[in-house]
Amino acid sequence: MKQYTVQGLSASGTGPQTAVNIIGSTAIRALINSLVIGFRTNPAASDQQVRVQVGNTTAVGTAGSSPTPKPNDPQDVAAVSTAGIAHSAEPTYGATFFADIDLNQRSSKEMALVDGREFSGSATASNGVAGKMTLVTAALVMSMLTGWRE
Amino acid sequence: MSLTEKRAAVIERHRNQEQFDPHWKGVAEEAKKPGSPAKLSERPVAFVCDDEIAVTGDCVGKVLSAVNKFLEIAADKSFQERAKSERDLAYTLAKCKQLTASPAPAELRLSQQRWNAVTYALSVVGVDCVLTDGND
């Protein structure tokens, strides 16, 4: 298995706004093992609560751009999974989430998951794992570094 | 709905959003890239289909001209020293070049792994794609 990384920003808004969606295929599913969630709005003037959800997606929505996953080892081949960031139409999420947490806008959260306990997509076309912010009062931009094995 | 109709719908939706909401002109960080169209409606639209990514209409032309621009840059030796997964990239882009040779391809379909090589080439020349559903 190889390790890849993508970093992305959500579009600006009051939520729901997805920052990064890692999209698998019938041949492969991404095992998310590293997340760093933060907020890039500058200045971080609003001392507000931000609800962040990470879960499975069953449709990719419409991403503003599709950055190339970066192999952690530069000698590795390109990733099979694709990535979407800065969505203009949200991906379709499942009813339950891997993480449904609350952060302050001025804070950040790192998650490192050990082998066997990753957040996993299903091996189905257009299915993936994504993170979004929701339910904020003042518009902001969410940032998310996402690492996975495949 | 055909991919061509879906593409027209995506572009139309983005045009409407840009008209009423400046946030949809693209995330600021992305829009700063040289050569990158700030507006989502001006970016090539790519569809996630079964294990492959498809572009259609004049988005094919946009992608291929960006790939050609990348190949010109990649011919520079100092760039080749920086490029990763070069064999994979060269193979993918050669396939794109073959498609360019066929008369006005209406659709370009690439496996997801190859698509990542294409997006790498596109990002080097400052072109971002809009990735969207192809199957719904």
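The sections below set out a description of the structure shown in this document. (Residues numbered from 1 in each chain as written. Chains lettered and ligands numbered in written order. Predicted model: local features only at pLDDT ≥ 70, side-chain atom pairs only at ≥ 80, totals over all residues. Heavy atoms only, no water.)

**With respect to the packing of helix α3 (residues 58-74) of chain B against helix α6 (residues 112-124) of chain B**
Residues and elements named next belong to chain B.
Okay, step 1: Packing of α3 against α6 brings their axes to within 8 Å, and their N-to-C directions diverge by 75 degrees. With respect to α6, the axis of α3 lies roughly perpendicular. Contacts from V63, A66, V67, F70 and I73 in α3 reach V118, Y120, A121, L122 and V124 in α6.
Okay, step 2: Taken together, the residues of the contact of α3 with α6 break down into ten nonpolar, no polar and no charged. (Axes fitted to C-alpha atoms, helices over the stretch in contact; angles between N-to-C directions. Helix = DSSP H or I, 4+ residues; strand = E, 2+ residues; numbered from the N terminus. Parallel < 35°, antiparallel > 145°, perpendicular 65-115°, else oblique. Contact = heavy atoms within 4.5 Å. Nonpolar A, V, L, I, M, F, W, Y, C, P; charged D, E, K, R; others polar.)

**A look at helix α1 (residues 3-20) of chain B**
Okay, step 1: Look at α1(B): 26 Å from first C-alpha to last across 18 residues, which is about the 26 Å you get at 1.5 Å a residue.
Okay, step 2: Within α1(B) the residues assigned to the buried category are B:L3, B:K6, B:R7, B:V10, B:I11, B:H14, B:Q17 and B:E18. Buried residues of α1(B), seen end-on, are gathered within an arc of 135 degrees and therefore sit on one face of the element. Residues B:Q19 and B:F20 are exposed on α1(B) and point more than 90 degrees away from its buried face.
Okay, step 3: Along its buried surface, α1(B) packs onto β5 (62-63) of chain A together with β1 (45-49), β2 (52-56), α3, β3 (107-111) and β4 (130-133) of chain B. (Expected span 1.5 Å × (residues − 1). Buried < 20%, exposed > 50% of the residue type's maximum accessible area, 1.4 Å probe, protein only. Arc of directions from axis to C-beta.)

**A look at unusual backbone geometry**
Residues and elements named next belong to chain A.
Okay, step 1: Of note, the amide linkage connecting G15 to P16 takes the cis form, showing an omega dihedral of -5 degrees.
Okay, step 2: For P16, the position within the fold is in the loop between β1 (3-9) and β2 (17-23).
Okay, step 3: The backbone of S126 shows a phi angle near 70 degrees, a positive value even though the residue is not glycine.
Okay, step 4: With respect to the helices and strands, S126 occurs in the loop between β11 (119-120) and β12 (128-134).
Okay, step 5: Judged by its relative accessible area of 6%, S126 falls in the buried class.
Okay, step 6: At L135, a position not held by glycine, the phi torsion is positive, near 60 degrees.
Okay, step 7: By the secondary structure assignment, L135 is in the loop between β12 and β13 (142-149).
Okay, step 8: Judged by relative accessible area, which is 56%, L135 ranks as exposed.

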